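These are the residues of each chain, in order.
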Amino acid sequence: MPARTGAQYLAGLREQNREIWFRGERVKDVTTHPGLARGAQAIASLYDQQSEAKIREEMVFTSPKTGDKLGLSFLIPRTKDDLIRRRVQMLNWARTTCGMMGRSPDFMNVTFSAWAGAADYFGASKKEYGENMRRYYDHIAENDLVLTHSLINLQRSRTVSGMFNLQEGTALQAVKETSAGIIVKGARVLATLGPFSDEIAVYSPRLGRHTETHSPFALNFSIPCGTPGLRFLCRDSFDYEKSHFDHPLGSRFEEMDCVAFFDDVLVPWERVFVYGDVDRLNETPNATGSSRHSAHQGAAKNLAKCELVLGVALLMSKTLGNDHLPHTQERIGELIMYTELMRACIRAGEADAEPNEYGVMTPASGPIETTRNLFMTAYPKMAEIIQLLGSSSLMMLPTEADMDGPLSGHIDQYLATDSSTARDRVKLFHLAWDISCSSFGQRQVLYERFFASDPLTRARALAQTYPKQDAMDRVLDFLNRDDHTP
Ligand SMILES: Cc1cc2nc3c(=O)[nH]c(=O)nc-3n(C[C@H](O)[C@H](O)[C@H](O)COP(=O)(O)OP(=O)(O)OC[C@H]3O[C@@H](n4cnc5c(N)ncnc54)[C@H](O)[C@@H]3O)c2cc1C
């Protein structure tokens, strides 16, 4: 099947009988349900781009197996040009959502492309697992399916970091094997995009209990979201059913986060990629390069977000007439720095990319992994800068109804600035508010702090994977210079 349209994607969501729980009730149809529907529409609009004549060529590639045009984020990159081509596609999607849907489908697509390219890695522990991976990749790529994923086990205590905390009766584990597959039980967080997904991927970037080589917690599998016993519990929606004028981001890009409960769920053997093997599970992101590919996707999202925040900040300071003030320029300078760093790291990651042992072209680790760590602190600072630039203008926000209501004359007179009409000012500052103050905006800050695991774990991962010898050698060379103090 060629790359789907938005309508085909929405039809797929309606066809599968999934358990999506929201505000105390089971949702019949997420594509029409208040608080959820517009998030589904946003994803559908991304799918529509795949058949839009103007940019179609940037969005699809030809399947080597079927000759169909498939979504480009499913491309297994073999050359640097493939990586660049794929990034153009990802950036198109990211710019469409202003970077506000971090879990757009390309996030998981690039992960599975990396895994399919390295299918032998999974086959090394059991031949069938490698074949499962190849078949599954074909299935999702050829049917253009949307995946959510959940990596983190729920925890009852924080004696150790969440990544390593495996409590029986809480963390997801295999409880039984049958001829059909494994039965899993437990809970996982945080399945962003859960209500808008066809399938869920379950794995872990790292798993504790390193002393055990085999563990019922060591799992990598994917199943349809409608699998019996699988339940998604949504948080409340940040789409308050307001107009785009009043709530420009929240009314469009609510991607939703869920807890996923697995109540004796059958995972068919053909959907199992790692089972029991702790080391293989722990090493998957680095050994297959999937960590770098998902960082590449994340960096495109980051760049789109930087461009939005910088653009908004520039317009805010122009509107308020404070763009000549030194402290405004200092803040704008900081936003420019983040934007250009992100752009540069993407280019460096692509320029210095190398094929891995499976022949998959893999972005250079240093620059591309850095984008992930950088954004954990940069994005909260970017949102803070919008607050600092905006001050009370972020609260002088008449609603769309007010703009045409009895006080419209006052609004037009008093809220205009030297360079902006009241309407343009209010519209712009609603957007600034939705970036920096609204519940939607604050969830974005939380997302950037934690979506790629907690900052401590990320910092440790960078410290562990970074090639350190070069830096030490330079210092040792310096220390060993035999020049004498004059
Ligand atoms: C908006 C959002 C969307 C997300 N989407 C997804 C998704 O789609 N899929 C997915 O799998 N995951 C997702 N995540 C989850 C993310 O992977 C986790 O939030 C992250 O790994 C951190 O785990 P945790 O929330 O359990 O944090 P915790 O482990 O509870 O950590 C909370 C804080 O305590 C600190 N801490 C914890 N233990 C210790 C300790 N022993 N000593 C010192 N400090 C400690 C941590 O450093 C952190 O600052 C999402 C998270 C957010 C916020």
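Everything numeric in this text was worked out from a predicted model, so none of it was measured.

1. Here we look at the nonpolar core
Step number 1: In terms of nonpolar packing, the biggest core is built from 123 residues, with Phe-112, Ile-200 and Phe-262 touching the most fellow members.
Step number 2: At eleven residues, the largest contribution of residues to this core is made by helix α9 (residues 290-320).
Step number 3: Leave out the neighbours within four places in its chain, and Phe-262 touches Leu-172, Val-184, Lys-185, Gly-186, Arg-188, Ile-200, Val-202, Phe-221, Ile-223, Gly-229 and Leu-230.

2. What about the packing of α9 against helix α15 (residues 439-450)?
Step number 1: Where α9 contacts α15, the two axes come as close as 13 Å, and the packing angle between them is 145 degrees. Of the two possible hands of crossing, α9 and α15 adopt the one that is left-handed. Residue-level inspection shows Lys-301, Asn-302 and Lys-305 of α9 in contact with α15, the latter providing Gln-444, Tyr-447 and Glu-448.
Step number 2: A class-by-class count of the residues in the contact of α9 with α15 yields one nonpolar, two polar and three charged.

3. What about the pattern of salt bridges?
Step number 1: Taken as a whole and assessed by the stated rule, the structure comprises 26 salt bridges.
Step number 2: One salt bridge connects Asp-239 with Arg-38, and the closest N-O pair in it is separated by 2.7 Å. On the criterion of sequence distance, the pair formed by Asp-239 in the loop between β11 (230-234) and β12 (258-268) and Arg-38 in helix α2 (residues 37-48) is long-range, its members being 201 residues apart.
Step number 3: Judged by its relative accessible area of 1%, Asp-239 is buried.
Step number 4: Ionic pairing is found between Arg-235 and Asp-257, a salt bridge with its closest N-O pair at 2.7 Å. With a gap of 22 residues between them, Arg-235 in the loop between β11 and β12 and Asp-257 in the loop between β11 and β12 connect regions that are remote in the sequence.
Step number 5: In the salt-bridge network here, residues are joined through shared partners; they are Arg-235, Glu-254, Glu-255, Asp-257 and Arg-443.

4. Looking at the packing of aromatic side chains
Step number 1: Across all of its chains, the model carries 15 aromatic pairs by this definition.
Step number 2: With 5.4 Å between their ring centres and 90 degrees between their planes, Tyr-121 and Phe-122 make a pair best called edge-to-face. Taken individually, Tyr-121 and Phe-122 each receive the classification buried, so the pair is uniform in this respect.
Step number 3: Ring geometry for Phe-221 against Phe-262: centres 6.3 Å apart, planes inclined by 90 degrees, an arrangement best described as edge-to-face. Of this pair, Phe-221 sits in strand β10 (residues 214-224) while Phe-262 is found in strand β12, placing the two residues 41 residues apart along the sequence.
Step number 4: Overall, the relative accessible area of 0% leaves Phe-221 in the buried class.
Step number 5: The class for Phe-262 is buried, based on a relative accessible area of 2%.
Step number 6: A network of ring pairs unites the aromatic residues Phe-112, Trp-115, Tyr-121, Phe-122, Tyr-136, Tyr-203 and Phe-273 as a single cluster.
Step number 7: In this structure, Lys-126 is placed above the aromatic ring of Trp-269, and the distance from its NZ or CZ to the ring centre is 5.4 Å.

5. Observations regarding the sheet that holds strand β13 (residues 272-277)
Step number 1: In spatial order, the strands read β5-β9-β10-β13; together these four strands make up an open sheet with mixed pairing. At either margin of the open sheet sits one strand with a lone partner, and together these are β5 (147-150) and β13. Adjacent strand axes in the sheet meet at a mean angle of 20 degrees when their direction is disregarded.
Step number 2: As paired strands, β10 and β13 are joined by four bridges and run antiparallel to one another. Across the sheet, the residue bridging to His-214 is Asp-277, located in β13.
Step number 3: Its contacts with the sheet place helix α5 (residues 106-117) against β5, β9 (199-202), β10 and β13, and it is angled at close to 80 degrees to β5.
Step number 4: Contacts between helix α7 (residues 127-143) and the sheet are confined to β5, β9, β10 and β13, with β13 contributing the most and set at about 145 degrees to the helix.

6. Details of unusual backbone geometry
Step number 1: For the peptide bond that leads from Val-189 to Leu-190, omega is -10 degrees, which places it in the cis range.
Step number 2: Mapped onto the secondary structure, Leu-190 falls in the loop between β8 (181-189) and β9.
Step number 3: The backbone of Leu-193 sits at a positive phi, close to 75 degrees, despite the residue not being glycine.
Step number 4: Mapped onto the elements of the fold, Leu-193 is located in the loop between β8 and β9.
Step number 5: In the Ramachandran plot, Ser-391 falls in the positive-phi region, its phi being about 45 degrees despite a non-glycine side chain.
Step number 6: With respect to the element layout, Ser-391 can be found in the loop between α11 (365-390) and α12 (400-403).

7. Some words on the packing of helix α4 (residues 80-96) against α9
Step number 1: Where α4 contacts α9, the two axes come as close as 9 Å, and the packing angle between them is 45 degrees. Judged by the angle between their axes, α4 and α9 are oblique. Regarding α4 and α9, the two cross each other, and that crossing is right-handed. For the pair α4 and α9, contact is made by Leu-83, Arg-86, Arg-87, Met-90, Leu-91, Ala-94 and Arg-95 and by His-293, His-296, Gln-297, Ala-300, Lys-301, Leu-303, Ala-304 and Glu-307, respectively.
Step number 2: Of the residues in the contact of α4 with α9, the class split is seven nonpolar, three polar and five charged.

8. Focus on the side chain of Asp-106
Step number 1: Within the fold, Asp-106 resides in helix α5.
Step number 2: For Asp-106, which is buried and forms no salt bridge, the nearest opposite charge comes from Arg-86, at a distance of 8.4 Å.
Step number 3: Reaching out from Asp-106, the side chain makes a polar contact with the side chain of Gln-297 at a distance of 3.2 Å.
Step number 4: Ignoring anything within four residues of it in the chain, the contact list for Asp-106 reads Ser-73, Gln-89, Met-90, Trp-93 and Gln-297.

9. Notes on the pairing of strand β7 (residues 173-177)
Step number 1: Sheet topology places β7 next to β8; four bridges connect them, and they run antiparallel. Paired with Gln-173 across the two strands is Lys-185, which belongs to β8.
Step number 2: If you look at the hairpin formed by β7 and β8, you'll find three residues sitting between the two strands.

10. Details of helix α14 (residues 422-436)
Step number 1: In a regular helix each residue adds 1.5 Å, so 15 residues correspond to 21 Å; α14 covers 21 Å between its end C-alpha atoms and thus fits that length.
Step number 2: Of all 15 residues that make up α14, eleven are buried, and the element is covered over most of its length.
Step number 3: Restricting attention to buried positions, one finds in α14 the residues Ala-422, Arg-425, Val-426, Leu-428, Phe-429, His-430, Leu-431, Ala-432, Asp-434, Ile-435 and Ser-436.
Step number 4: The inward-facing, buried residues of α14 abut α9, α11, α12, α13 (408-414) and α15.

Scoring rules and cut-offs
- Residues numbered from 1 in each chain as written.
- Predicted model: local features only at pLDDT ≥ 70, side-chain atom pairs only at ≥ 80, totals over all residues.
- Heavy atoms only, no water.
- Core = buried A, V, L, I, M, F, W, Y, C linked by side-chain atoms within 4.5 Å.
- Buried < 20%, exposed > 50% of the residue type's maximum accessible area, 1.4 Å probe, protein only.
- Helix = DSSP H or I, 4+ residues; strand = E, 2+ residues; numbered from the N terminus.
- Contact = heavy atoms within 4.5 Å.
- Axes fitted to C-alpha atoms, helices over the stretch in contact; angles between N-to-C directions.
- Left-handed = near helix turned anticlockwise from the far one by under 90°.
- Nonpolar A, V, L, I, M, F, W, Y, C, P; charged D, E, K, R; others polar.
- Salt bridge = Lys/Arg side-chain N within 4 Å of Asp/Glu carboxyl O.
- Phe/Tyr/Trp six-rings, centres within 6.5 Å; stacked < 30°, edge-to-face > 60°.
- Lys NZ or Arg CZ within 6 Å of the ring centre and 35° of its normal.
- Pairing = 2+ DSSP bridges.
- Parallel < 35°, antiparallel > 145°, perpendicular 65-115°, else oblique.
- Lys, Arg positive; Asp, Glu negative; His and termini not counted.
- Polar contact = N/O pair within 3.5 Å; in protein donor to acceptor, adjacent residues only side chain to side chain.
- Expected span 1.5 Å × (residues − 1).

Just distances and angles here, no functional claims.
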